[in-house]
Amino acid sequence: MEYYVGELSRPYLRTLSLMPENQETPIHFLKTWITPEKYFYRRNHFSYPMLSPHAFFLPITGEVKQTLIFPYCYLKSLSSKSVTMVLECSGNKRSRFSPRVYGEQWEDGAISQGVWKGVALRDLLNMSGLNSAAVEVVFEGYDYGKRTDMEGIFHYARSLPMEKAMHQDTIIAYELNGKSIPYAQGGPFRLIIPQWYAMASVKWLKQITVIDHNFDGPFQTVDYIYYPHKEDDIGKKPVTNIKTDSIIQQPLSYTTLDTGVHNINGIAWTGYGTITDVELSFDEGTTWKRAKLRKDTNQQYAWTFWEYQWNVEEEGEYTIMCRAKDSTGGVQPLEAEWNRKGYGYNAVYTIKVKVE
Ligand SMILES: Nc1nc2c(c(=O)[nH]1)N[C@H]1C(S)=C(S)[C@@H](COP(=O)(O)O)O[C@H]1N2
Ligand SMILES: [Mo]
């Protein structure tokens, strides 16, 4: 049965498909630190799952000393933590790859920022106790369905290596922006993985299983892999950390402006350290000028707003480029690394404007 949540039209989101629901955020118009839930992008592989009261009980099983089932209220009584972070689909900006690639043709809006509150996964794993054979932790969602490329019915499921599972900021979230996680955003329980692309943040958690081998579900071994070549799988590697990236929010590309001073602004974000610089070029990348950054230094996983006052006296057509740099030495490249499934597009952001 196809199942859909709420009103059918969300005019403030850009619709890619409704069954399953894939819609993007109007990111160019969001100037708030936190994305209100109604503006959150939505990316679903299957139709929404039908949830029963079981969804309020989260089991941890497999290679553990003791299988435990965590009821919602008990989980909420444990010591909690909150992370403000960028949630970005690894397919964000896919439509910009050249040559074009198949898949949801996301523009810039498969990205949102929320405050997620929950319990550190490692606290729960420590309560269960890990067996020495433990290698990975598998997270299964309630949603399931068919794939176009193989036979069978699959749940959405992904794993984490032990090190990432035990990271202090890997959480089992039960709140988004100060309220219970809305159903559409993956409540009652959602795995939240800062710094990684959002495929890792499994919605509608059904079960957590510690295993003694590498998980080989299709959302791990077929999808969310960078395949550098069109015809073969040589050089493939898994999609993990969010690449350093930025967009110009305003002005929009192909806007006409008058002469004078214009505020050029946008956001920058990264899954590698923090954003240290955003630079703009008005001469096709020959020289770069620094933008002014505005960030919350207490929130290392959040995006950074930036702005630049552009004084333009001469009429004509202009190309404006922006690029972000991170604290690990990373910088947006002039050209994105092409890959067959179109993940991790982060080329220098380019717009054109006409001054008249
Ligand atoms: N259970 C489940 N979790 C999931 C997915 C899904 O289809 N099912 N999609 C993943 C992908 S690819 C992304 S980009 C994000 C989207 O989260 P959102 O719908 O809250 O924006 O959820 C991730 N977690
Ligand atoms: Mo995604």
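All chains use their own residue numbering, which begins from 1 and follows the written sequence. Going through the entries in the order they are written, you letter the chains from A and number the ligands from 1. Thresholds applied to this predicted model are a pLDDT of at least 70 for local features of residues and 80 or more for the giving and counting of side-chain atom pairs; totals over whole chains, interfaces and linings are not thresholded and use all residues. With hydrogens and water stripped out, all remaining heavy atoms of the structure feed into the side-chain values.

- With an unreviewed UniProt entry as reference, the chain is termed DMSO/TMAO reductase YedYZ molybdopterin-dependent catalytic subunit, source organism Anaerosolibacter carboniphilus.
- UniProt positions are given in the numbering used here, feature names are shortened, and annotations may be inferred rather than shown by experiment. The chain has a UniProt comment under Cofactor (unreviewed entry) that states "Mo-molybdopterin".

1. A short note on the domain arrangement of the chain
Move 1: Domain ranges listed in this record stem from an automatic or a database domain assignment. Split by domain assignment, the chain resolves into domain 1 (3–238) and domain 2 (245–355).
Move 2: Centre-to-centre, using C-alpha coordinates, domain 1 lies 28 Å away from domain 2.
Move 3: Residues are treated as being in contact if the distance between any of their heavy atoms lies within 4.5 Å. Taken together, the contact between domain 1 and domain 2 spans 45 residues of the former and 33 residues of the latter.
Move 4: By buried area we mean how much accessible surface two parts lose on assembly, using a 1.4 Å probe and totalling the loss over both. A combined buried area of about 3,600 Å² lies between domain 1 and domain 2, and 56% of that area is made up of carbon and sulfur atoms.
Move 5: The largest per-residue losses of area from domain 1 upon contact with domain 2 belong to Trp 33, Phe 97 and Gln 195, which jointly make up 20% of the total buried on that side.
Move 6: Salt-bridge detection follows one rule: a side-chain nitrogen of Lys or Arg within 4 Å of a carboxyl oxygen of Asp or Glu. Between domain 1 and domain 2 we count 4 salt bridges in total.
Move 7: Note that Glu 337 and Lys 237 form a salt bridge whose closest N and O atoms lie 3.9 Å from each other.

2. Some points on the UniProt feature "domain: Moybdenum cofactor oxidoreductase dimerisation" (unreviewed entry) in the chain
Move 1: Within this structure's numbering, the places UniProt gives as "domain: Moybdenum cofactor oxidoreductase dimerisation" (unreviewed entry) are residues 239–355.
Move 2: In this description a helix means any DSSP run of H or I spanning at least four residues, a strand means any run of E spanning at least two, and both kinds are numbered starting from the N terminus. In residues 239–355, helix accounts for 0% and strand for 50%; the two terminal C-alpha atoms are 40 Å from one another.

3. Here's the deal with the environment of Trp 204
Move 1: If you trace the backbone, Trp 204 turns up in the loop between strand 12 (190–192) and strand 13 (205–211).
Move 2: Relative accessible area decides the class of each residue, using a 1.4 Å probe on protein chains only: under 20% of the type maximum gives buried, over 50% gives exposed, and in between gives partly exposed. Judged by relative accessible area, Trp 204 falls into the buried class, the value being 2%.
Move 3: On a C-alpha basis, the gap between Trp 204 and Val 137 in space is 16 Å, while along the polypeptide they are 67 residues apart.

4. Quick word on the sheet that holds strand 22 (residues 304–312)
Move 1: Here we have 4 strands laid out as an open sheet, ordered 16-18-22-21, and antiparallel in their pairing. Because the sheet does not close on itself, it has two edges, and the strands there are strand 16 (245–250) and strand 21 (292–294). Geometrically, the sheet is characterised by an average inter-axis angle of 30 degrees between neighbouring strands, direction not taken into account.
Move 2: Pairing analysis gives 9 bridges linking strand 18 (residues 260–269) to strand 22, with the strands arranged antiparallel. Strands are labelled as partners when DSSP assigns at least two bridges between them. Inter-axis angles, ranging from 0 to 180 degrees, are taken between N-to-C directions of lines fitted to C-alpha atoms, where helices are fitted over the stretch in contact.

5. Quick look at the environment of Phe 282
Move 1: Counting through the fold element by element, Phe 282 comes out in the loop between strand 19 (275–281) and strand 20 (289–290).
Move 2: For Phe 282, the residues in contact, after removing those within four places along its chain, are Ile 264, Thr 287, Lys 289, Tyr 308, Trp 310, Thr 319 and Ile 320.

6. A closer look at the site of ligand 1
Move 1: Taken together, 16 residues sit near ligand 1, with Tyr 41, His 45, Asp 143, Arg 190 and Lys 203 positioned nearest.
Move 2: Whenever a nitrogen or oxygen atom comes within 3.5 Å of another N or O atom, the pair is scored as a polar contact, on the condition that within protein one atom can donate a hydrogen and the other can accept it, and that pairs from neighbouring residues in sequence are kept only if both atoms are in side chains. A distance of 2.9 Å separates an oxygen atom of ligand 1 from a polar atom in the side chain of Arg 190.
Move 3: Lys 203 places a side-chain nitrogen or oxygen 2.6 Å from an oxygen atom of ligand 1.
Move 4: For ligand 1, whose unbound accessible area comes to 530 Å², protein coverage reaches 100%.
Move 5: A molecule is said to occupy a pocket when more than half its atoms come within 2 Å of that pocket's grid points, and by this definition ligand 1 occupies the largest cavity.
Move 6: Partitioning the shell around ligand 1 into residue classes produces 8 nonpolar, 3 polar and 5 charged. Residues are classed as near a molecule or strand on a simple rule: at least one heavy atom within 4 Å of it. Calculation of accessible area relied on Shrake-Rupley with a 1.4 Å probe; when residues are assessed, cover is drawn exclusively from the protein chains displayed. As defined here, a cavity is a set of points on a 1 Å grid over the protein atoms alone where a 1.4 Å probe fits but cannot get out. A pocket is an open set with protein on both sides within 12 Å along at least five of seven lines, and residues line them when an atom is within 4 Å of a point. Assignment of a molecule to a cavity or pocket requires that more than half of its atoms lie within 2 Å of the corresponding grid points. Put simply, Ala, Val, Leu, Ile, Met, Phe, Trp, Tyr, Cys and Pro go in the nonpolar bin, Asp, Glu, Lys and Arg in the charged bin, and everything else, Gly too, in the polar bin.

7. Brief notes about the nonpolar core
A general trend in soluble globular proteins is that nonpolar side chains are found buried together.
Move 1: For our purposes a nonpolar core is just a set of buried Ala, Val, Leu, Ile, Met, Phe, Trp, Tyr and Cys residues, chained together by side-chain atoms within 4.5 Å. Judged by nonpolar contacts, the single largest core of 67 residues is most densely connected at Phe 139, Ile 172, Trp 306 and Trp 310.
Move 2: Here this core takes 5 residues from strand 22, the largest share from any one element.
Move 3: Counting only domains with at least three residues in this core, you end up with domain 1 (3–238) and domain 2 (245–355).
Move 4: Ignoring anything within four residues of it in the chain, the contact list for Trp 310 reads Leu 257, Gly 260, Val 261, His 262, Ile 264, Phe 282, Tyr 318, Ile 320, Val 353 and Val 355.
Move 5: Core analysis: the next-biggest nonpolar cluster, separate from the first, contains 16 residues, Phe 40, Trp 106, Ile 181 and Ala 198 among them.

8. With respect to the UniProt feature "domain: Oxidoreductase molybdopterin-binding" (unreviewed entry) in the chain
Move 1: This chain's UniProt record puts "domain: Oxidoreductase molybdopterin-binding" (unreviewed entry) on residues 45–218.
Move 2: Secondary structure over residues 45–218 splits into 11% helix and 38% strand, and the C-alpha atoms at its two ends are 12 Å apart.

9. As for the pattern of salt bridges
Move 1: Summed over all chains, the structure comprises 17 salt bridges.
Move 2: Residues Arg 14 and Glu 24 are paired through a salt bridge, measuring 2.9 Å at the closest nitrogen-oxygen approach. Of this pair, Arg 14 sits in strand 1 (residues 14–17) while Glu 24 is found in strand 2 (residues 22–24), placing the two residues 10 residues apart along the sequence.
Move 3: The salt bridge partner of Arg 340 is Asp 233, with a shortest N-O separation of 2.9 Å. Linking Arg 340 in the loop between strand 23 (316–326) and strand 24 (349–355) with Asp 233 in the loop between strand 14 (225–226) and strand 15 (237–238), this pair joins segments that are 107 residues apart in sequence.
Move 4: Via salt bridges that share partners, Arg 147, Asp 149, Asp 223 and Lys 341 belong to a single interconnected network.

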